[in-house]
Amino acid sequence: MTKALVTGGAGFIGSHLAELLISEGCEVIVVDNLTSGRMSNLSSIAEHAGFTFIDADIRDIASLKPAFKDVDWVFHLAGLADIVPSIEMPGQYFSTNVTGTFNVLECARNAGAERIVYAASSSSYGIPEVYPTPETSPIQPQYPYALTKYMGEELTLHWAQVYGLDAISLRLFNVYGTRSRTSGAYGAVFGVFLAQKLSGRPFTVVGDGQQTRDFTYVTDVAQAFLAAAQSHVSGEAMNVGSGGTFSINRLVELLGGEVEFIPKRPGEPDCTFADINKINTLLGWRARISFEEGVGHMLEHITDWRDAPVWDPKSIDQATEAWFQYLGD
Ligand code: UDP
């Protein structure tokens, strides 16, 4: 039986991955510090015989180490997300996303793990010049979150090069789906819009809403992690994207509701769109869930966002102050 460890396994993507690994017959260890109060994400699988939850922080290598005993596959998804807090608290992002990744790599190496799959971010491309964007595009982080995620990728691939720990880094493009965050900082558009829709408020559309994103459904992303673990490829970074790009106006159309416009932000690309040839060729992976279908799933589960913060132009203006201050001209 394959023993798989998922850091951040109580989080949004990690919990979907843990569920998939269980269904594939793996013994699954979830390591999470539950900062996001996410134990509920694991409730459907927590009773499973092959499932263990370990409350540990990736910044603390001593507490992490025992969790890695006899693991075959390590999936490293624990980390801090969001743009604004990364500008305000770069030290925390560095210690979690960089030192934390170092700790995970060292634990994996010392435990003799076979393979590690790292959750990297497409934000590391910054404002790309080529669409669809291939992995060879320049890395141009615009804020500490993107930089620290890229540093984690570099560490991971370096461990593959030097220590022979098989590793793949997956650069994720705009992942959305059920269990995406319902609390905390101003962040990804789905949580913002679903909470607005539930409370009957207009959607706060940035700019003219014609900007597009490569929205990738979370269960497809979980499948990409599994395919990466099952493969014999190592030392590579690969894009994980839907194969399309969709405007915010299209999202509004699918969700249905009024809009109000808020200012465009510095450092935000007008488009994200992954070139997925590499992952398709090397791992045989491609996304299965269409944007329409994915948005449909979100609407079916919209009540999950009933306690999510409801943002409006004024509170967004306040929450994004550092963004304009540091990333503006
Ligand atoms: N967006 C928006 N209104 C919001 C939040 C986000 O129109 O209240 C837009 C944002 O401008 C971007 C897209 O939604 O074009 C995706 O934003 P998100 O923060 O989810 O991802 P990222 O910009 O990091 O790709």
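Not measured: the values here are computed from a predicted model. (Residues numbered from 1 in each chain as written. Predicted model: local features only at pLDDT ≥ 70, side-chain atom pairs only at ≥ 80, totals over all residues. Heavy atoms only, no water.)

### Description of the environment of Phe261
Next, step 1: Checked against the element boundaries, Phe261 lands in strand S13 (residues 259-262).
Next, step 2: Its relative accessible area of 54% is what places Phe261 among the exposed residues.
Next, step 3: When the C-alpha atoms of Phe261 and Thr204 are compared, they prove to be 5.7 Å apart, with 57 residues separating the residues in sequence. (Helix = DSSP H or I, 4+ residues; strand = E, 2+ residues; numbered from the N terminus. Buried < 20%, exposed > 50% of the residue type's maximum accessible area, 1.4 Å probe, protein only.)

### Things to note about the packing of aromatic side chains
Next, step 1: Taken as a whole and judged by the stated rule, the model has 14 aromatic pairs.
Next, step 2: Residues Tyr176 and Phe190 carry aromatic rings whose centres are separated by 4.6 Å and whose planes lie at 10 degrees to one another, so their mutual orientation is stacked. Taken together, the residues span a long stretch of sequence, with Tyr176 in strand S7 (residues 175-176) and Phe190 in helix H6 (residues 189-198) at a distance of 14 residues.
Next, step 3: By relative accessible area, which is 4% here, Phe190 ends up buried.
Next, step 4: Three or more aromatic residues joined by ring pairs make a cluster, and in this case those are Tyr176, Phe190, Phe215, Tyr217, Phe246 and Phe291. (Phe/Tyr/Trp six-rings, centres within 6.5 Å; stacked < 30°, edge-to-face > 60°.)

### Here we look at the environment of Tyr163
Next, step 1: Tracing the backbone shows Tyr163 in helix H5 (residues 144-163).
Next, step 2: The class of Tyr163 is partly exposed, set by a relative accessible area of 39%.
Next, step 3: For the pair Tyr163 and Glu106, spaced 57 residues apart in the sequence, the C-alpha separation amounts to 9.9 Å.
Next, step 4: Non-local contacts of Tyr163, meaning those with residues more than four positions away in its chain, are made with Arg109 and His158. (Contact = heavy atoms within 4.5 Å.)

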